[in-house]
Amino acid sequence: MTTVEGDDGRGRCAWARGDLARYHDAEWGVPLHGDAPLFEKLSLEGFQSGLSWLVVLRKREAFREAFVGFEPERVAAFGEADVERLLGDARLIRNRRKIEAVVANARAVAALREREGVGALDRLVWRHRPEPRPEEDRPAEPGDVPASTASSKELAAALKRERLVFVGPVTVYALMQSAGLVDDHLVGCWRARVSG
């Protein structure tokens, strides 16, 4: 098995070293609910695309401030001046396509919530939670963890039907892992099955 032992003697997933250990222990794989928290996580997973998660994690508070707590209706009201302001904010990942995707997705989530009520994004995401894998099928090595699955492809398609963008099956699978829809903690990781 490929886990790393922390200073506390606990085995963790191989990627959970240094500053990532706290995130791994407290957040990754813990069931996450609520439209704004899931919108935030989906947005940050989009910003992470092509980068290290640690880069995004270190900028998370700046992202929360810049995107007004990831409240969908508030971000949906952003215009071109707001996009330009965000592109000028050195605390953020200044990628026009990713920033515009967050604004477009906020508008899509706001429309979904207007049509189906508060909690609509939460319900849509969690409807796609797959059956938990049998414990004997838990990944033992990082290479055993898929980049996407049938469930992430279905959820990506459902999000795209709601007009969300930058939500391919790989990005969506990262959301499913981080938001606790799947448990991909490795064999030997103390968080395995703790996440529910």
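Here the structure is a predicted model, which is why all the values come from computation and not from measurement.

Taken as a whole, this structure holds 20 salt bridges when the rule is applied. The salt bridge partner of Lys41 is Glu27, with a shortest N-O separation of 4.0 Å. Of this pair, Lys41 sits in helix α2 (residues 35-48) while Glu27 sits in the loop between α1 (20-26) and α2, and the two are 14 residues apart along the sequence. Overall, Lys41 belongs to the buried group, its relative accessible area being 9%.

This brings us to the environment of Glu162. Here Glu162 lies in the loop between α8 (150-161) and α9 (169-178). The exposure class assigned to Glu162 is buried, which follows from its relative accessible area of 19%. Each C-alpha atom of the pair Glu162 and Leu121 lies 9.9 Å from the other, and the pair is 41 residues apart in sequence. Setting aside its immediate chain neighbours within four residues, Glu162 contacts Ala108, Leu112, Arg115 and Leu124.

Its 14 residues place the ends of helix α3 (residues 53-66) 19 Å apart at the C-alpha level, agreeing with the 20 Å of an ideal helix rising 1.5 Å per residue. Among the residues of α3, those classed as buried are Trp53, Leu54, Val56, Leu57, Arg60, Ala62, Phe63 and Ala66. Elements that come into contact with the buried residues of α3 comprise α1, α2 and α5 (80-87). Regarding α3, its N-cap is Ser52, as a side-chain oxygen of that residue lies 3.1 Å from the backbone nitrogen of Leu54 further along. A positive backbone phi angle near 40 degrees is found at Val68, which sits one or two residues after α3.

Below, the discussion takes up empty space enclosed by the protein. One pass over the full model with this rule turns up 1 cavity of 30 Å³ or more. Volume-wise, the largest cavity comes out at about 80 Å³. Surrounding the largest cavity, Phe39, Leu42, Ser43, Gly46, Phe47, Lys98, Ala101, Val102, Asn105, Val165 and Phe166 form its lining. Within the residue set of the lining of the largest cavity, elements represented by two or more residues are α2 and α6 (96-116). No other element matches the 5 residues that α2 contributes to the lining of the largest cavity. The class makeup of the residues in the lining of the largest cavity is 7 nonpolar, 3 polar and 1 charged.

Working note: a packed helix pair is described by the angle between its axes plus the distance between those axes. For the pair α2 and α3, the least separation of the axes is 10 Å and the interaxial angle reads 135 degrees. In terms of orientation, α2 and α3 fall into the oblique class. The element α2 and its partner α3 pack so that their crossing is right-handed. Contact residues: α2 offers Glu40, Leu44, Glu45, Phe47 and Gln48, while α3 offers Trp53, Val56, Arg60, Phe63 and Arg64. For the contact of α2 with α3, the per-class residue count stands at 5 nonpolar, 1 polar and 4 charged.

Cut-off values and rules
Residues numbered from 1 in each chain as written. Predicted model: local features only at pLDDT ≥ 70, side-chain atom pairs only at ≥ 80, totals over all residues. Heavy atoms only, no water. Salt bridge = Lys/Arg side-chain N within 4 Å of Asp/Glu carboxyl O. Helix = DSSP H or I, 4+ residues; strand = E, 2+ residues; numbered from the N terminus. Buried < 20%, exposed > 50% of the residue type's maximum accessible area, 1.4 Å probe, protein only. Contact = heavy atoms within 4.5 Å. Expected span 1.5 Å × (residues − 1). Polar contact = N/O pair within 3.5 Å; in protein donor to acceptor, adjacent residues only side chain to side chain. 1 Å grid on protein atoms, 1.4 Å probe; cavity = no way out; pocket = protein on both sides within 12 Å on 5 of 7 lines; lining within 4 Å. Points joined across faces, edges and corners; volume = space filled by probe spheres on them. Nonpolar A, V, L, I, M, F, W, Y, C, P; charged D, E, K, R; others polar. Axes fitted to C-alpha atoms, helices over the stretch in contact; angles between N-to-C directions. Parallel < 35°, antiparallel > 145°, perpendicular 65-115°, else oblique. Left-handed = near helix turned anticlockwise from the far one by under 90°.

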